[in-house]
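# Inside the fold
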Amino acid sequence: FGRTGRAYRFNGTNSDIRVPHQESLNLAGDFTITLWLRQSRARIARLLDKKTAQEGGGPDHDGWIVDTRNDGVSRGGSRFRLAGGAPLQTVLSDNELPLNEWHQIVVRLSGQTCDLFLDGEPCGSGHYGRNPTNTLDLYIGRAHSTPLAPKWWVFEGDLDDVRIHGRALSAK
């Protein structure tokens, strides 16, 4: 995903990319997600979303997200969440994501350990059980729309070089 020499710009209102469901997006087994972002507005925003918007848990609450937590109150950071029933499994980073600067986020699941990296440095880790599956489309730049997914869960800024690997890449 990406355009040579150019990032995708998201306006924070109504721009997003929808990738139709493919079985490979269910992230069964080990995986690595990498992306570059430049956030231009402090807000909680979904970067990648393949999870139902329902909160809580249960059989219809399976999926995964990558988002920012920069809401102007907390320091910011990034988050990866697997939702395969209850409880939700979350890896958080409290590392600040300064606005208008490029940052790389990497999520790597190897076995049952999920590691989060920001700009090449480890910034979060957690233990994970099973990988969830669903038939939802992948949204880039916003959350799945329901009354529980507020309009402000949209990304404002640039995303580039989004990659989803079906294996755990090395830390180097």
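Residues numbered from 1 in each chain as written. Predicted model: local features only at pLDDT ≥ 70, side-chain atom pairs only at ≥ 80, totals over all residues. Heavy atoms only, no water.

For the protein, the count of helices and strands is zero helices and 12 strands. Taken from N to C terminus, the helices and strands of the protein fall in the order β-β-β-β-β-β-β-β-β-β-β-β. Across the 172 residues of the protein, 49% fall into the buried class. Looking at the protein as shown, the accessible area adds up to about 8300 Å², and 50% of this sits on carbon and sulfur atoms. (Helix = DSSP H or I, 4+ residues; strand = E, 2+ residues; numbered from the N terminus. Buried < 20%, exposed > 50% of the residue type's maximum accessible area, 1.4 Å probe, protein only. Areas by Shrake-Rupley, 256 points an atom, 1.4 Å probe, with all protein chains shown as cover.)

Moving on, we get to the nonpolar core. Counting residues in each nonpolar core, the largest one holds 29 residues, and the members touching the most others are Ile 33, Leu 35, Leu 48, Val 66, Phe 80, Ile 105 and Val 107. Among the elements of the structure, strand S3 (31–39), strand S4 (44–51), strand S5 (62–69), strand S8 (102–110), strand S9 (113–118), strand S11 (138–140) and strand S12 (156–165) are those that each provide at least two residues to this core. Broken down by element, this core gets its largest block of residues, four residues, from S3. (Core = buried A, V, L, I, M, F, W, Y, C linked by side-chain atoms within 4.5 Å.)

Let's shift gears to a negative patch on the surface. A contiguous patch of negative charge on the surface is contributed by Glu 96, Glu 101, Asp 119 and Glu 121. Looking at where Glu 96 falls in the secondary structure, it is placed in the loop between strand S7 (89–92) and S8. For Glu 96, a relative accessible area of 46% corresponds to the partly exposed category. (Patch = residues over 30% accessible without salt bridge, like charges linked within 9 Å, V, L, I, M, F, W, Y side chains within 5 Å. Salt bridge = Lys/Arg side-chain N within 4 Å of Asp/Glu carboxyl O. Lys, Arg positive; Asp, Glu negative; His and termini not counted. Charge placed at Lys NZ, Arg CZ, Asp CG, Glu CD.)

Right, let's get into the side chain of Thr 34. Position of Thr 34 among the secondary structure elements: in strand S3. Other than its neighbours up to four places away in sequence, Thr 34 contacts Ile 105, Val 106, Asp 161, Val 162, Arg 163 and His 165. (Contact = heavy atoms within 4.5 Å.)

Let us now look at the side chain of Ser 15. Mapped onto the elements, Ser 15 comes out in the loop between strand S1 (8–11) and strand S2 (17–19). At 2.7 Å, the side chain of Ser 15 forms a polar contact with the backbone nitrogen of Asn 11. Filtering out sequence-adjacent residues up to four positions away, Ser 15 remains in contact with Arg 9, Phe 10 and Gly 141. (Polar contact = N/O pair within 3.5 Å; in protein donor to acceptor, adjacent residues only side chain to side chain.)

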